[in-house]
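# Descriptive structure summary
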Amino acid sequence: MARKFFVGGNFKMNGSVSSIKDIVNNLNNAKLDPSVEVVVSPSAIHLVLVRDSLRSEIGVAAQNVYDKPNGAFTGELSVSQLLDSKIDWAILGHSERRTILKEADDLVASKTKYATENGVSVIWCCGESLEEREAGKTIEVVSKQLEALKAKVTDWSKIVIAYEPIWAIGTGKVATTEQAQEVHKAIRGWLKTNVSDKVAEETRILYGGSVNEKNCAELGKQPDIDGFLVGGASLKPAFVDIINSSK
Ligand code: PEP
């Protein structure tokens, strides 16, 4: 089965009502490759604005979702709140949440399980630090993150994996196509060995880390790179060029 190319835009903690409306207008008026699945992820405060004004074929993702139904969890968002506002994606395990907010592998896995079992698809992020890469531990680190996910998740059909080397996020230092392809291939191999041939074949594996309109075409040609998770460049008009780069 051919994997549908996927481009996610992670706006992070950026944007005002006015600038987010500009981004939505730009996407609404753009000619987008219909064979690419696009999901954008604004800050929580802009989720409803974006969902209500963005063309319907583009998905909208929260940047976090909790692993409990509802209740006394100040600052969190629930799956049912997202679905009630027609938001059916979430980004989980982003390295900024893993490192700054100390989200551990098993909490990320637990949130991913709860979300996917209750109707929210997940862009699940993994990746190594510069120190870990330089120590030759990239595959070991990513495998450990995957191991924690596998311990909780049984249905992989609602998961898109984003490999995001931490040293490449927001730094302008993009992984080479060979570095990215090597890790993507290893992730697919891990899925084949530890989950199933079907999950390995069908799961989209995105690359994230300083993707822009200039470097995306080469990365996107790699056999195991099925799209991108884009941070900084998703706030710019050139995001459209990244979406349309797979042809
Ligand atoms: C990200 O935040 O997921 C990301 C990849 O950021 P950037 O594209 O800015 O490196």
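## A closer look at the sheet that holds strand β5 (residues 121-126)
Spatial strand order, β1-β2-β3-β4-β5-β6-β7-β8: 8 strands in a closed barrel with parallel pairing. For this sheet, the mean angle separating the axes of adjacent strands, direction not counted, is 25°. Sheet strands touched by helix α7 (residues 138-152): β5 and β6 (159-163). Its angle to β5, the strand with the most contacts, is close to 150°.

## Remarks on the pairing of strand β3 (residues 59-62)
Residues G59 and A61 line one face of β3 and the alternating positions V60 and A62 line the opposite face, and both faces are buried. Each parallel crossover has a hand, and for strand β2 (residues 37-41) linked through helix α2 (residues 47-53) to β3 it is right-handed. Here β3 pairs with strand β4 (residues 89-92) via 2 bridges, running parallel. Across the sheet, A61 pairs through a bridge with W89, a residue of β4. Note that the unit made of β3, helix α3 (residues 79-84) and β4 has a crossover that is right-handed.

Cut-offs used in this document
- Residues numbered from 1 in each chain as written.
- Predicted model: local features only at pLDDT ≥ 70, side-chain atom pairs only at ≥ 80, totals over all residues.
- Heavy atoms only, no water.
- Pairing = 2+ DSSP bridges.
- Helix = DSSP H or I, 4+ residues; strand = E, 2+ residues; numbered from the N terminus.
- Axes fitted to C-alpha atoms, helices over the stretch in contact; angles between N-to-C directions.
- Contact = heavy atoms within 4.5 Å.
- Buried < 20%, exposed > 50% of the residue type's maximum accessible area, 1.4 Å probe, protein only.
- Right-handed = clockwise from strand over helix to strand, strands pointing away.

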